[in-house]
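Breakdown of the fold
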Amino acid sequence: MTTLTHRARRTEVSKSSEKKIDSEEDTSRERSPDNEDSDGDSKDIRLTLMEEVLLLGLKDKEGYTSFWNDCISSGLRGGILIELAMRGRIYLEPPTMRKKRLLDRKVLLKSDSPTGDVLLDETLKHIKATEPTETVQTWIELLTGETWNPFKLQYQLRNVRERIAKNLVEKGILTTEKQNFLLFDMTTHPVTNTTEKQRLVKKLQDSVLERWVNDPQRMDKRTLALLVLAHSSDVLENVFSSLTDDKYDVAMNRAKDLVELDPEVEGTKRSATEMIWAVLAAFNKS
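Rules of the game
Residues numbered from 1 in each chain as written. Predicted model: local features only at pLDDT ≥ 70, side-chain atom pairs only at ≥ 80, totals over all residues. Heavy atoms only, no water. Helix = DSSP H or I, 4+ residues; strand = E, 2+ residues; numbered from the N terminus. Buried < 20%, exposed > 50% of the residue type's maximum accessible area, 1.4 Å probe, protein only. Areas by Shrake-Rupley, 256 points an atom, 1.4 Å probe, with all protein chains shown as cover. Salt bridge = Lys/Arg side-chain N within 4 Å of Asp/Glu carboxyl O. Core = buried A, V, L, I, M, F, W, Y, C linked by side-chain atoms within 4.5 Å. Contact = heavy atoms within 4.5 Å. Phe/Tyr/Trp six-rings, centres within 6.5 Å; stacked < 30°, edge-to-face > 60°. Axes fitted to C-alpha atoms, helices over the stretch in contact; angles between N-to-C directions. Parallel < 35°, antiparallel > 145°, perpendicular 65-115°, else oblique. Left-handed = near helix turned anticlockwise from the far one by under 90°. Nonpolar A, V, L, I, M, F, W, Y, C, P; charged D, E, K, R; others polar. Expected span 1.5 Å × (residues − 1).

As a further point, take the overall build of the protein chain. Counting its secondary structure elements, the protein chain contains 11 helices and 6 strands. Split into buried and exposed, the 286 residues of the protein chain put 52% on the buried side. On the protein chain, roughly 14100 Å² of surface is accessible, and the fraction owed to carbon and sulfur atoms is 49%.

Below, the structure written as structure tokens:
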């Protein structure tokens, strides 16, 4: 898995609050610190965690992610699991004496009501139909297609980046173009709404600078999730690249401290969203 790097070695550069019922997190549609309402009634642009990760990874003018980034595919699948958990559709089974660790506990269905997002609903159907149930790490592998079991290939989510990009096109953030790369043509999605991307970048920068609280339990859950996913998808470098050297070092060190926390410890704290820490634990192990 990717690691946070020093600047000198950079290459390419809700209305409802979190509830925990019987050890299950039900953090559906929270209100973020910048007062952006994630609830369905908001008229502002609302992005899923997957859309935000892809937007952070895209080159603004070129409209594609780095060819050297081999982490973003699994990062997007982790984002799907966290998004479903935050919307109250799935949760981790309660810990037992034999299954205390986050990576040993199965992902269980809490509600199969549609989310309105094709990727989320497709994943929800897979989780509902799967017996026996699977762990977070296994689901990330299955959704990414990283399995040697031919009977499990049906769970792979295909064309995820393109489907997420099309969602962002519909929301007026990206556009669609064709680019020629000598031997082939490729569909690209340059950023047209740079204001929305800069708002997202600034929110993450502020979270580790001006609004840094040095305690993940006091952070906005969606911001915490996005920092974890941006790190796991190897796009966090893009978030901090516009900072001055001093601020860049501070931001990277704080982000590094955050993702190097023990998920097993953080996941057991009272206000923790278990799925965020389970996804981080899965990426740390891979």
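What follows covers unusual backbone geometry. Here the bond from Glu131 into Pro132 is cis, since omega is 0°, no more than 30 degrees from zero. Assignment of secondary structure puts Pro132 in the loop between α3 (118-129) and α4 (136-144). Its identity is not glycine, yet Asn159 carries a phi of approximately 55°, on the positive side. Along the chain, the position of Asn159 falls in the loop between α4 and α5 (160-170). Taking relative accessible area as the criterion, Asn159 reaches 58% and is therefore assigned exposed.

As enumerated under the stated definition, the model contains 13 salt bridges in all. Asp206 is the salt-bridge partner of Lys202, the closest N and O atoms lying 2.7 Å from each other. Highlighted residues: Lys202 and Asp206, both in helix α6 (residues 194-208), separated by 4 residues, approximately one helical turn. On the accessibility criterion, Lys202 (48% relative accessible area) is partly exposed.

Before going further, it helps to examine the nonpolar core. With 74 residues, the main nonpolar core has Leu56, Leu81, Ile82, Ile90, Val136, Phe240 and Met275 as its most contacted residues. Here this core takes 9 residues from helix α11 (residues 274-285), the largest share from any one element. For Val136, the residues in contact, after removing those within four places along its chain, are Leu81, Leu92, Arg105, Val107, Met275, Ala278, Val279 and Ala282.

Before going further, it helps to spend a moment on the environment of Ala225. Counting through the fold element by element, Ala225 comes out in helix α7 (residues 221-232). A C-alpha to C-alpha distance of 9.2 Å links Ala225 and Thr273, two positions 48 residues apart in sequence. Apart from the residues within four sequence positions on either side, Ala225 is in contact with Leu49, Ile82, Met86 and Ile276.

This part is about the environment of Val259. Turning to its location among the elements, Val259 is positioned in helix α9 (residues 245-259). A relative accessible area of 6% means that Val259 is categorised as buried. Sequence spacing of Val259 and Ala281 is 22 residues, and the spatial spacing of their C-alpha atoms is 9.6 Å.

What follows is about the packing of aromatic side chains. Each aromatic ring pair is summarised here by two numbers: the centre-to-centre distance and the angle between the ring planes. Summed over all chains, the structure comprises 2 aromatic pairs. On the numbers, 5.1 Å between centres and 20° between planes, the contact of Tyr64 with Phe67 is stacked. Accessibility expressed as a relative area gives 15% for Tyr64, which makes it buried. For Phe67, a relative accessible area of 55% corresponds to the exposed category.

Attention shifts here to the packing of α4 against α11. Interaxial distance between α4 and α11 falls to 9 Å at its minimum, and their mutual angle equals 70°. One way to sum up the angle between α4 and α11 is to call them roughly perpendicular. Judged by the sense of rotation from one axis to the other, the crossing of α4 with α11 is right-handed. Note on element contacts: α11 touches α4 through Met275, Ala278, Val279, Ala282, Phe283 and Lys285, opposite Val136, Gln137 and Ile140. Split by residue class, the contact of α4 with α11 holds 7 nonpolar, 1 polar and 1 charged.

The next thing to look at is α6. The first and last C-alpha atoms of α6 sit 22 Å apart over 15 residues, in line with the 21 Å expected at 1.5 Å per residue. Of the residues making up α6, those classed as buried are Glu196, Lys197, Leu200, Val201, Lys203, Leu204, Gln205, Asp206, Ser207 and Val208. As for α6, its buried residues are in contact with α1 (49-57), α7, α8 (236-240) and α9.

So, on to the packing of α1 against α6. For the pair α1 and α6, the least separation of the axes is 10 Å and the interaxial angle reads 100°. With respect to each other, α1 and α6 are oriented roughly perpendicular. Where α1 abuts α6, its residues Glu52, Leu55 and Leu56 lie against Lys197, Arg199, Leu200, Val201, Lys203 and Leu204. Residues belonging to the contact of α1 with α6 are distributed by class as follows: 5 nonpolar, no polar and 4 charged.

Bear in mind that shape data such as this cannot, by itself, settle questions of function.
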